[in-house]
Amino acid sequence: TDDINQVNRKGALEARIEIVRIQLICLGSLKEPYLRRAQDELLGLIARNTRVTGITVTEIREEPLREMAPPSLIEAALRIEGERILEKLPPRARIVCLDLDGKTATSAFFRGLPGELERTATDELVFLIGGSNGLDPAIKDKAHHRIAFSGLTFPHQLFRIALLQAIAAELP
């Protein structure tokens, strides 16, 4: 993130950078119509008001687990979900994993992402949102960044809307 902040201080670099594609890979789906409407509105806002030329949301099916499943079953489910995520990851994308143990996300972090993409010669950015049990540790290890919005736990469906709002508000 220090490199990202340097780009922000330079300022001029931001003006000519374009993010070609953003993909949100999310475990679980939005079932409530009001959340679907919010997602659609934010996707449209991002398309109209940022230099992002394509944004998609990919929903990955969560492994069914009974309530109070033992850790061994949770770990097995996370591995299966992780394999599903790996199938969807573009090979050259920069990966941002949303993780309660990650660094606190800031406006500067989001504003610095276009410069990071330019420096790493890629035009793809992927955000990963886990399900109720999080993400497989192997997936977290592949991430270039692990960020948290707060120390609070939110339903992953609602968090998807919060992430889209942050992208709409903070990306140039």
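Keep in mind it's a predicted model, so treat the numbers as computed, not measured. (Residues numbered from 1 in each chain as written. Predicted model: local features only at pLDDT ≥ 70, side-chain atom pairs only at ≥ 80, totals over all residues. Heavy atoms only, no water.)

Along the protein, the regular secondary structure elements total seven helices and five strands. Here the protein holds 172 residues, and the buried ones make up 47% of them. Considering only residue pairs separated by 6 or more positions, the protein has 85% of its internal contacts joining residues 24 or more positions apart. Summed over all atoms, the accessible surface of the protein reaches about 9,200 Å², with 52% contributed by carbon and sulfur. (Helix = DSSP H or I, 4+ residues; strand = E, 2+ residues; numbered from the N terminus. Buried < 20%, exposed > 50% of the residue type's maximum accessible area, 1.4 Å probe, protein only. Contact = heavy atoms within 4.5 Å. Areas by Shrake-Rupley, 256 points an atom, 1.4 Å probe, with all protein chains shown as cover.)

With that out of the way, let us pick up the confidence of the model for the protein. When pLDDT is averaged across the protein, the result is 87; 90% of the residues are at 70 or more. Under a pLDDT of 50 for its full length, residues 1-16 has, in the predicted model, 24 contacts with residues more than four places off or in other chains. (pLDDT = per-residue confidence, 0-100.)

Summarising the element assignment, His-156 is placed in helix H7 (residues 156-170). Polar side-chain contacts of His-156 include one of 3.4 Å to the backbone oxygen of Leu-27. For His-156, the contacting residues outside a window of four places in its chain are Leu-27, Gly-28, Glu-62, Ile-129, Gly-130, Gly-131 and Ser-132. (Polar contact = N/O pair within 3.5 Å; in protein donor to acceptor, adjacent residues only side chain to side chain.)

Turning next to the environment of Cys-97. Relative to the helices and strands, Cys-97 is located in strand S3 (residues 94-104). The buried category is assigned to Cys-97, whose relative accessible area is 0%. Sequence separation between Cys-97 and Ile-147 is 50 residues, and the spatial gap between their C-alpha atoms is 6.3 Å. Residues within four places of Cys-97 in sequence aside, it is in contact with Leu-128, Leu-135, Lys-140, Ala-143, His-145, Arg-146 and Ile-147.

To continue, consider helix H5 (residues 107-119). Count 3.6 residues to each turn of an α-helix, and residues three or four apart come out pointing the same way. Compared with an ideal rise of 1.5 Å per residue, which puts 13 residues at 18 Å, H5 spans 19 Å between its outermost C-alpha atoms and is within 8% of the ideal. The largest bend in H5 comes to about 40°, at Leu-113, with the proline Pro-114 one to four residues further on. Backbone geometry just after H5 places Ala-121 at a positive phi near 55°. (Expected span 1.5 Å × (residues − 1). Bend = angle between axes of the 7 residues up to and from the residue.)

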